[in-house]
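# Geometric and topological summary
Residues per chain are reported as follows:
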Amino acid sequence: MALPGPGAGQLDTSRPSIARIRDYWLGGTHHDEADRGFAEQIVVCAPHLPYLVRAQNAFVRRLVRYLIERGVRQFLDLGSGIPDVGAVHRVAHEVDPGAKVVYVDLDPAIEQDSAELLAGVDNVTLLRADVRRTDDVLGAPAVNELIDFAQPVAVLMIEFLLHLQDSEDPADLVASYSSALASGSYLGIAHFSQDEQLQEGLTLFSRMFGAPPAVTLREPGELVRFFTGLELVEPGIVPVPLWKPGPSDEHVRNPELVQVHAGLGRKS
Ligand SMILES: C[S@@+](CC[C@H](N)C(=O)[O-])C[C@H]1O[C@@H](n2cnc3c(N)ncnc32)[C@H](O)[C@@H]1O
């Protein structure tokens, strides 16, 4: 949960990383002792957090398949985390190995993990950049070598916007990405809402490591503004298990109570 700030650039393996804890809960390979130890402690006070992470990962798989079925072959995954289990390129390449995927993350540890995971994989790259600096991302040669912004692109912000406070005007940032997209492009968002067990996990983190990670949880009604100017794809903004669920998805007794909401907007 060492959240990168604007000046981030150093590897810090003494603190657990939110991306690596997620990778551990998803059955991935990129986590170390600090991550696993803290992940196990979180589960004691917040036993359903691994389920939330898996439910969100399953949502991303369904989302990517849905987009591929609609002809999208370009993906820009902002605040990507570790491109391991259920990563966008893996799902997309099951259907079309020619699909282009650019991951963007600020964390140098993720850049390192990605170099290993993406070695020898065509049509995929990770750019280490601050998503808040739109020009650094949209103007990066690494992005433009793979992505043609004259064609439809799916921009994904999966559990990224919670790192932005309202004072940073996240809606304006999202709009600056949406406005760069061609007709037929999509914007996919997943976002944690108020969840008691997530709060427990954050409290535990601050007790053990000092300052808590700065996250802003948002209710589904607060996510609507991110889709301004886009047409919301059915079923709208819903808890992740309810977004076009498939028969092989992990089921939960009360999916409407899951406090991770997601939506997909289409630019016409
Ligand atoms: C909660 S993780 C989500 C990872 C991934 N999208 C997933 O769903 O598994 C958020 C990621 O956003 C990255 N991040 C946070 N602020 C960022 C910023 N300003 N620019 C780029 N990446 C950022 C973090 O390093 C982290 O990997």
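This text goes with the structure placed above it.
Anyway, here's the lowdown on the structure attached to this text.

Analysis parameters
Residues numbered from 1 in each chain as written. Predicted model: local features only at pLDDT ≥ 70, side-chain atom pairs only at ≥ 80, totals over all residues. Heavy atoms only, no water. Phe/Tyr/Trp six-rings, centres within 6.5 Å; stacked < 30°, edge-to-face > 60°. Helix = DSSP H or I, 4+ residues; strand = E, 2+ residues; numbered from the N terminus. Buried < 20%, exposed > 50% of the residue type's maximum accessible area, 1.4 Å probe, protein only. Lys NZ or Arg CZ within 6 Å of the ring centre and 35° of its normal.

Our next topic: the packing of aromatic side chains. Taken as a whole and assessed by the stated rule, the structure comprises 3 aromatic pairs. Pairing Phe-59 with Trp-243 gives two aromatic rings, centres 5.4 Å apart and planes at 90°, and the pair type is edge-to-face. Of the two residues, Phe-59 sits in helix α3 (residues 49-69) while Trp-243 sits in the loop between β7 (238-239) and β8 (260-266), which places them 184 residues apart along the sequence. Judged by centre distance (5.6 Å) and plane angle (80°), the ring pair of Tyr-66 and Trp-243 falls under edge-to-face. Placement of Tyr-66 in helix α3 and of Trp-243 in the loop between β7 and β8 is noted, with a sequence separation of 177 residues between them. With respect to burial, Tyr-66 and Trp-243 carry one shared label: buried. Through successive ring pairs, a cluster of aromatic residues spans Phe-59, Tyr-66 and Trp-243. The ring of Tyr-66 carries Arg-70 above its face, with NZ or CZ at 3.7 Å from the centroid. Over the ring of Trp-243 we find Lys-244, and its NZ or CZ is 5.3 Å from the ring centre.

Our focus in this paragraph is unusual backbone geometry. Each neighbour pair has its own omega, and for Glu-234 with Pro-235 the value is 10°, a cis peptide bond. Tracing the chain through its elements places Pro-235 in the loop between β6 (231-232) and β7. Of note, Asn-123 is a non-glycine position whose phi angle comes to about 70°, a positive value. Relative to the assigned elements, Asn-123 resides in the loop between α5 (108-118) and β3 (124-128). Of note in this structure, Lys-244 is not a glycine but carries a positive phi near 45°. Secondary-structure assignment places Lys-244 in the loop between β7 and β8.

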